[in-house]
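# Coordinates in review
Given next are the chains, with one letter for each unit.
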Amino acid sequence: MINDPLAAINATIARKSMGGNAFIDLTAATNAEAIIESGYDERDLALYALGVGAAADPLDSKELAFVYERHPQFAALPTWAVMPPSNALVAKMMAGEPLLPGLNYGFDRVLHGEQYTEIRAPLPRAARLQHRFRLKAAWDKNPHAVTVLAITTTDETGREIAYNEFTTFVRGAGGWGGERGPSGEAAQSPDRAPDAVIEERTHANQALLYRLSGDANPLHADPAFATRFGFERPILHGLCTYGHVGRHILAAFCGHDPRRLKSIRVRFADPVLPGETLVTRMWKESDTRILFDVSVKERDKQVIKNGVTKLQDIR
């Protein structure tokens, strides 16, 4: 059994046949690696928490702990672990540079399809980080494509603190005759009443606030760009909804203690418009496994499905 994520990725790559097209050159991408450094501090943690809806009630001490650095329990929201590598990726694309050789597409073609984040060590209040990017998979969904990037994040001591997988839908980048990839619905919502439901309305300017944490994709701010992409107006970042859901799980099952959340996986099923109300339904399968989905109340539309979170005992 392969326990090392990078070893597993290398094994997958070794079995993969090369190929691709002008947008995805598998030969180049699967043999490449990108290492990017970044850092953050308490201000970044607080701004991110505000961007995903924390402390809407400024007198709620449990949520104040995520936005006020002098709070005795000040800590990073666990979903913050996705932000440093995400920001590194976005910065590359904003500069018109491929993250990896062979991935030749920009913001005008991509939508975030799925996300997995695993916390490997407690997130510090501030840190210098190194992110190691590899291509885990590329699936041909002719005429479109799906890519899966695997990112391992370490701190300045070399300690691994997080692992992420970004699954991206790339418009018009398929058709090279490759494998279509896995299908089917994993972690489906149970056919029973949820154990917890949290409703939270996002703000009309939620995307503009959230983008200050680093995701400057114009799809979330520029009305003309959003229209060209096929949306009536800028949409909320999928990772902003992701952050809201992380908070909902902490509130429903963890007593707001961020140390309890070990990992979270979602599939982004439909965009959220800023100002819409998120309805997170959660089912407790065991003391360490929570299933969930998210819908928009105003449109009765599911926006996140196949959600699963693993919790850990910190005693």
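Residues numbered from 1 in each chain as written. Predicted model: local features only at pLDDT ≥ 70, side-chain atom pairs only at ≥ 80, totals over all residues. Heavy atoms only, no water.

## A word on the overall build of the protein chain
Helices and strands together make up the secondary structure of the protein chain, namely 8 helices and 10 strands. In terms of C-alpha radius of gyration, the protein chain reaches 19 Å, essentially the compact-globule figure of 20 Å for 315 residues. If one aligns the C-alpha atoms of the protein chain with their principal axes, the spans along those axes are about 55 × 45 × 40 Å. Per-residue burial for the protein chain yields a buried fraction of 50% across its 315 residues. For the protein chain, long-range pairs separated by at least 24 residues make up 72% of all intrachain contacts whose partners lie at least 6 apart in sequence. Put simply, the protein chain shows about 14,300 Å² of open surface, and 50% of that area lies on carbon and sulfur atoms. Both charge centroids of the protein chain, one from 37 positive and one from 38 negative side chains, sit 2 Å from each other. (Helix = DSSP H or I, 4+ residues; strand = E, 2+ residues; numbered from the N terminus. Rg over C-alpha atoms; globule rule 2.2 N^0.38 Å. Buried < 20%, exposed > 50% of the residue type's maximum accessible area, 1.4 Å probe, protein only. Contact = heavy atoms within 4.5 Å. Areas by Shrake-Rupley, 256 points an atom, 1.4 Å probe, with all protein chains shown as cover. Lys, Arg positive; Asp, Glu negative; His and termini not counted. Charge placed at Lys NZ, Arg CZ, Asp CG, Glu CD.)

## Quick word on unusual backbone geometry
Omega for the peptide link from asparagine 142 to proline 143 comes to 15 degrees, which places this bond in the cis form. Tracing the sequence through the fold places proline 143 in the loop between strand E3 (127-141) and strand E4 (144-155). Positive phi, normally seen in glycine, also occurs at alanine 55, with a value near 60 degrees. Turning to its location among the elements, alanine 55 is positioned in the loop between helix H3 (42-51) and helix H4 (61-64). Under the relative-accessibility criterion, alanine 55 is labelled buried at 14%.

## What to know about the environment of leucine 135
Tracing the chain through its elements places leucine 135 in strand E3. Residue class for leucine 135 comes out buried when judged on its relative accessible area of 0%. C-alpha of leucine 135 to C-alpha of aspartate 293: the two residues are 158 residues apart in sequence and 27 Å apart in space.

## As for the sheet that holds strand E10 (residues 301-311)
Judged by pairing direction, the sheet is antiparallel, and its 10 strands sit side by side in the order E1-E3-E4-E5-E2-E7-E10-E9-E8-E6 without closing on themselves. With partners counted over all chains shown, the strands left at the sheet margins are strand E1 (34-40) and strand E6 (196-201), one partner each. Direction aside, neighbouring strands of the sheet carry axes that sit 20 degrees apart on average. Examined bridge by bridge, strand E9 (residues 289-296) and E10 share 7 bridges and lie antiparallel to one another. (Pairing = 2+ DSSP bridges. Axes fitted to C-alpha atoms, helices over the stretch in contact; angles between N-to-C directions.)

## Overview of the environment of threonine 157
In this structure, threonine 157 sits in the loop between E4 and strand E5 (160-170). Since its relative accessible area comes to 66%, threonine 157 is described here as exposed. In this structure the side chain of threonine 157 is engaged in a polar contact, spanning 2.6 Å, whose partner is the side chain of aspartate 155. Among the polar contacts made by the side chain of threonine 157, one reaches the main-chain amide nitrogen of arginine 159 at a distance of 3.4 Å. (Polar contact = N/O pair within 3.5 Å; in protein donor to acceptor, adjacent residues only side chain to side chain.)

## Quick look at the confidence of the model for the protein chain
Looking at the protein chain, pLDDT values average 92 and 93% of them are 70 or higher. Confidence over residues 11-17 falls short of pLDDT 50; this stretch has 11 contacts with residues more than four positions distant or in other chains. (pLDDT = per-residue confidence, 0-100.)

## Describing the pairing of strand E8 (residues 277-286)
Of the pairings in the sheet, the one linking E6 to E8 comprises 6 bridges and is antiparallel in character. By the bridge assignment for E8, glutamate 199 is matched with valine 279. Bridge count between E8 and E9: 8 bridges; the pairing is antiparallel. By the bridge assignment for E9, tryptophan 283 is matched with leucine 291. Here E8 hands over to E9 after 2 residues, the two strands then running antiparallel side by side.

## Quick word on the pairing of E3
Where E1 meets E3, 7 bridges bridge the pair, whose relative direction is antiparallel. Residue pairing in the sheet places glutamate 37 in a bridge with glutamine 130 of E3. Relative to E4, E3 runs antiparallel, the two sharing 12 bridges. Paired with histidine 131 across the strands is threonine 153, a residue of E4. In textbook terms, the turn of a hairpin is the stretch between consecutive antiparallel strands, and for E3 and E4 this stretch comprises 2 residues.

## A short note on the side chain of threonine 79
Among the structural elements, threonine 79 can be located in the loop between H4 and helix H5 (83-94). Its relative accessible area of 2% is what places threonine 79 among the buried residues. Sequence-distant contacts of threonine 79, defined by excluding residues within four places in its chain, comprise Tyr48, Tyr242, Gly243 and Gly246.

## Points about H5
With 12 residues, H5 ought to run about 16 Å at 1.5 Å a step, and its terminal C-alpha atoms sit 16 Å apart, in line with that. Glycine 96, located one to two residues past H5, shows a positive phi value of around 75 degrees. (Expected span 1.5 Å × (residues − 1).)

## Structural notes on the packing of aromatic side chains
In this description, an aromatic ring pair is defined by two values, namely the gap between the centres and the angle between the planes. Here the structure, examined in full by the defined rule, presents 7 aromatic pairs. Seen from their ring centres, tyrosine 40 and tryptophan 80 are 5.2 Å apart, and the 65 degrees between their planes marks the pair as edge-to-face. Note that tyrosine 40 is positioned in strand E1 and tryptophan 80 in the loop between H4 and H5, a separation of 40 residues in sequence. An angle of 10 degrees between the planes, with centres 6.0 Å apart, marks the rings of phenylalanine 229 and phenylalanine 231 as stacked. Side by side, phenylalanine 229 and phenylalanine 231 carry an identical accessibility label, which is buried. Among the aromatic residues, ring-to-ring pairing joins Tyr40, Tyr48, Trp80 and Tyr210 into one connected group. Its guanidinium or amino end placed over the ring of phenylalanine 229, arginine 171 lies 4.0 Å from that ring's centre, counting from NZ or CZ. (Phe/Tyr/Trp six-rings, centres within 6.5 Å; stacked < 30°, edge-to-face > 60°. Lys NZ or Arg CZ within 6 Å of the ring centre and 35° of its normal.)

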